[in-house]
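# Chains, contacts and geometry: an overview
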Amino acid sequence: MRSEESKAVGEALLRRLRRLVARAATLKGRDRKQLLALIDDVETARLGLLRECAEVEGEMRQATVRTTAIAAYLRNAQASRGKRHN
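Residues numbered from 1 in each chain as written. Predicted model: local features only at pLDDT ≥ 70, side-chain atom pairs only at ≥ 80, totals over all residues. Heavy atoms only, no water.

In terms of regular secondary structure, the chain is built from two helices and zero strands. Relative to the globule expectation of 12 Å for 86 residues, the C-alpha radius of gyration of the chain, 24 Å, shows a markedly less compact shape. By its C-alpha atoms, the chain is 85 × 20 × 15 Å across when sized along the principal axes. Looking at the chain as a whole, 13% of its 86 residues are labelled buried. Intrachain contacts of the chain at a sequence separation of at least 6 include 61% that bridge at least 24 residues. As displayed, the chain offers around 7,300 Å² of accessible surface, 59% of which is attributable to carbon and sulfur atoms. (Helix = DSSP H or I, 4+ residues; strand = E, 2+ residues; numbered from the N terminus. Rg over C-alpha atoms; globule rule 2.2 N^0.38 Å. Buried < 20%, exposed > 50% of the residue type's maximum accessible area, 1.4 Å probe, protein only. Contact = heavy atoms within 4.5 Å. Areas by Shrake-Rupley, 256 points an atom, 1.4 Å probe, with all protein chains shown as cover.)

This next bit is on the environment of Ala-12. Following the sequence through the fold, Ala-12 ends up in helix 1 (residues 4–26). The spacing of Ala-12 and Glu-55 is 43 residues in sequence and 16 Å in space, taken between C-alpha atoms.

Here is the structure:
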């Protein structure tokens, strides 16, 4: 399970991206320096979000493996119990 700190990082990245999008809407096309800085900030936020997505995907994959193992264990336990009673 993801830690609260990890969740907070993802939420902070999303808030930052929203602020950057709002800032982009107010910029004039002639201000090249601010546009370049904004592009860099957006790319940094995007890469952070991609890392968070990869982490969540890995945790989901791990949860799927665990669920499959638990289901197999349960089936085996039920089959063994059924054989004993017959």
